[in-house]
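Results of the structural survey
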Amino acid sequence: MSDGAVLHVKGRILVGPDDVRDELWVVDGRISYDRPAGARDVRTVDGWALPGLVDAHCHVGLGADGPVDDDVAEKQALVDREAGTLLIRDAGSPSDTRWVDDRDDLPKIIRAGRHIARTRRYIRGYAHEIEPEDLVAYVAQEARRGDGWVKLVGDWIDRDLGDLAPTWPREAVEAGIAEAHRLGARVTAHCFAEDSLRDLVEAGIDCIEHATGLTEDLIPLFAERGVAIVPTLVNIATFPKLADGGEARFPRWSAHMRRLHERRYDTVRSAYDAGIPVFVGTDAGGHLPHGLVAAEVAELVTAGIPAIDALAATTWAARAWLGRPVLEEGAAADLVVYESDPRVDVRVLAAPRRIVLNGHVVS
């Protein structure tokens, strides 16, 4: 807001899980906890306010067949915004979405560049498909293009085996992750199955996407190294349908996918109980619709994560992990207002009352 216009948000301001204040003010798009002197054109919003929600695994600019036009990417981002998602970690996209940064009305994006996959070992049109000897060079390229993240495809179906299998030899991921870290980028990897995880974690990876293959023997290693997971449970819900579709050609893979699906909630709860950081991500884009952040938070609760921690996984904790502010003095006013306390019932997240982005009421 500008030109003397002021937004007054009052009710319950959830600055942190236990830091609840009565009101905040938005002046020139920034948060203040001091009433501005001489304020005019004051607009008031009432309710329970949270920092803008985070979707830590989302793909703006990606469609079922690869990159999409800017107008489609804009619609994707707007759907996420209307769901209350105001910060996105884009976990791999073949589209150049830098133009979004010039739009005050669209969510902020932290990019991981384009997926890096093994040749013919990922969805066609999504990734750079390369061989291990080129991994370091492509990691360096995407680290420079991204916003502090690089995305690897850690496993995928091996058609000769008829099942999921690691895509990279150990020495390749060690060199690739070391190069990303040298350039100041963190590394995450798509992993459905079990066999790629130890090599990736011991090589120094920072995060694992999906992590359905996480087993009891690997959980202490993740916890010791502080490797985060983004379970994308709304995506894992599609595994039975995928398994049915692949049964005729790849029965071993289909059976594996069903097992991973069946134990998904136990996997996430065991990770949480061990102290592994768990964050909200929907895997929107590609084959999943956007705007599913509330459904993913509810899935974490179904898995057994306490509501307050599931909420933190898309707000306070997620923003701290990504190095972005919450409802701090002087921070950009990115917040979502609800009718009732989302700490009591996370289903409230599905119905935002007001959405404020860069100080403007956009919904």
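Residues numbered from 1 in each chain as written. Predicted model: local features only at pLDDT ≥ 70, side-chain atom pairs only at ≥ 80, totals over all residues. Heavy atoms only, no water.

Pairing in this open sheet of three strands is parallel, and the strands run 5-8-9 from one edge to the other. Each edge of the open sheet carries a strand with a single partner, namely strand 5 (53–58) and strand 9 (108–111). Sheet twist, expressed as the mean angle between neighbouring strand axes with direction ignored, is 20 degrees. Summarising the sheet, strand 8 (residues 85–90) and strand 9 pair through four bridges and their orientation is parallel. Counterpart to I88 in the pairing with strand 9 is I109. (Pairing = 2+ DSSP bridges. Helix = DSSP H or I, 4+ residues; strand = E, 2+ residues; numbered from the N terminus. Axes fitted to C-alpha atoms, helices over the stretch in contact; angles between N-to-C directions.)

Across the interface, helix 7 (residues 239–246) lies against helix 8 (residues 251–262) with an axial gap of 8 Å and an inter-helix angle of 170 degrees. In terms of axis orientation, helix 7 runs roughly antiparallel to helix 8. For the pair helix 7 and helix 8, the contacting residues are F239, P240, L242, A243, D244 and G246 in the first and P251, W253, S254, M257, R258, L260 and H261 in the second. Of the residues belonging to the contact of helix 7 with helix 8, the class tally is eight nonpolar, three polar and two charged. (Parallel < 35°, antiparallel > 145°, perpendicular 65-115°, else oblique. Contact = heavy atoms within 4.5 Å. Nonpolar A, V, L, I, M, F, W, Y, C, P; charged D, E, K, R; others polar.)

Glancing now at a positive patch on the surface. Judged by side-chain charge, R120, R124, R159 and R249 come together as a positively charged surface patch. The class for R159 is partly exposed, based on a relative accessible area of 40%. (Patch = residues over 30% accessible without salt bridge, like charges linked within 9 Å, V, L, I, M, F, W, Y side chains within 5 Å. Areas by Shrake-Rupley, 256 points an atom, 1.4 Å probe, with all protein chains shown as cover. Salt bridge = Lys/Arg side-chain N within 4 Å of Asp/Glu carboxyl O. Lys, Arg positive; Asp, Glu negative; His and termini not counted. Charge placed at Lys NZ, Arg CZ, Asp CG, Glu CD. Buried < 20%, exposed > 50% of the residue type's maximum accessible area, 1.4 Å probe, protein only.)

Before going further, it helps to spend a moment on the environment of V79. Following the sequence through the fold, V79 ends up in helix 1 (residues 70–82). Classification of V79 as partly exposed rests on a relative accessible area of 40%. Once the C-alpha coordinates of V79 and L106 are considered, the two residues, 27 residues apart in sequence, prove to be 9.8 Å apart. Beyond its immediate sequence surroundings of up to four residues, V79 is in contact with H290 and G291.

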